[in-house]
Amino acid sequence: MAQIEAIQGDITQLSVDAIVNAANSSLLGGGGVDGAIHDAAGPELLDACRKLGGCATGAAKATPGFRLPAKWVFHAVGPVWDGGNRNEDRLLASCYQQCLELAREYGAHSIAFPAISTGVYRFPPDRAANIAIRTVRAHFEASGVEQVQFVCFNFETFQIYERLLSIPAIA
Ligand code: ADP
């Protein structure tokens, strides 16, 4: 039985098979969690990202973790929130689903997600957490992942995840 939990902390510190980056479509680095991951992984990460040729919104691509404790980084491009009528929900769900597909492909059994799109991209945190949890619950089994961590950078986000995770999944 897989373990799905929320933790508060810095995703760059985690010794898991894969951490997910909330990247932008250029994959050439940015602020927030993206900047933190590039700083911690070292310049080799940017070199590897350059070779990927960008990434569409809702999709994800993999690189090694280089100097990070994590073996892999899955770079997912979340949607920018624009009121909710521009497919934002479906694109955000697609990020989580594609990362689990990469986990299967790369044999990653443990994966850590940040709250994709809830920073600079302004997705409402509650709504984003709901989508993240629902999508992961629906797809982790097929991916072979045994441990999922939702890494919350602040206490407010952690509280949202704790509350939603305490509600049992509806079959
Ligand atoms: P986006 O552009 O997808 O909104 P951001 O990086 O701006 O991405 O924010 C996504 C989330 O990542 C936010 O909830 C932010 O607080 C969080 N975050 C920022 N730095 C870290 C970090 N080092 N570890 C985990 N989460 C982080």
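Report on the accompanying structure.

Cut-offs applied
Residues numbered from 1 in each chain as written. Predicted model: local features only at pLDDT ≥ 70, side-chain atom pairs only at ≥ 80, totals over all residues. Heavy atoms only, no water. Phe/Tyr/Trp six-rings, centres within 6.5 Å; stacked < 30°, edge-to-face > 60°. Helix = DSSP H or I, 4+ residues; strand = E, 2+ residues; numbered from the N terminus. Buried < 20%, exposed > 50% of the residue type's maximum accessible area, 1.4 Å probe, protein only. Axes fitted to C-alpha atoms, helices over the stretch in contact; angles between N-to-C directions. Contact = heavy atoms within 4.5 Å. Nonpolar A, V, L, I, M, F, W, Y, C, P; charged D, E, K, R; others polar. Pairing = 2+ DSSP bridges. Salt bridge = Lys/Arg side-chain N within 4 Å of Asp/Glu carboxyl O.

### Focus: the packing of aromatic side chains
And step 1. Following the criterion strictly, the structure yields seven aromatic pairs and no others.
And step 2. Look at W81 and F123: their rings are 4.8 Å apart centre to centre, the planes differ by 65 degrees, and that puts the pair in the edge-to-face class. One end of the pair, W81, is in the loop between β4 (72-77) and α3 (88-106); the other, F123, is in the loop between β5 (110-113) and α4 (125-143), and 42 residues separate them in sequence.
And step 3. Looking at W81, the relative accessible area reads 15%, which means it is buried.

### Things to note about the packing of helix α1 (residues 32-41) against helix α2 (residues 43-50)
And step 1. Closest axis-to-axis distance for the α1/α2 pair is 5 Å, and the angle between their directions is 115 degrees. Along the contact surface, α1 presents I37, H38 and A41, while α2 presents E44, L45, L46 and C49.
And step 2. Grouping the constituent residues of the contact of α1 with α2 by class yields five nonpolar, one polar and one charged.

### Section: the sheet that holds β4
And step 1. The mixed open sheet is built from six strands, whose spatial order is β1-β6-β5-β2-β4-β3. With one partner strand each, in any of the chains shown, β1 (3-8) and β3 (60-64) form the two edges of the open sheet. Pairwise comparison of adjacent strand axes, ignoring direction, gives a mean angle of 25 degrees for this sheet.
And step 2. Relative to strand β6 (residues 147-152), β1 is paired through six bridges, and the arrangement is parallel. Bridging from a neighbouring strand, I7 pairs with V151 of β6.
And step 3. Its contacts with the sheet put helix α5 (residues 155-165) on β1 and β6, and the angle it makes with β1 is roughly 155 degrees.

### Regarding the pattern of salt bridges
And step 1. Tallied over the entire structure, the rule returns six salt bridges.
And step 2. E44 serves as the salt-bridge partner of R67, at 3.3 Å between the closest nitrogen and oxygen. Placement of R67 in the loop between β3 and β4 and of E44 in helix α2 is noted, with a sequence separation of 23 residues between them.
And step 3. Residue classification places E44 among the partly exposed positions, given a relative accessible area of 29%.
And step 4. Of the charged contacts, one joins D82 and R86 as a salt bridge, the two residues approaching to 2.6 Å between their closest N and O atoms.
And step 5. Here D82 falls in the partly exposed class, since its relative accessible area comes to 45%.

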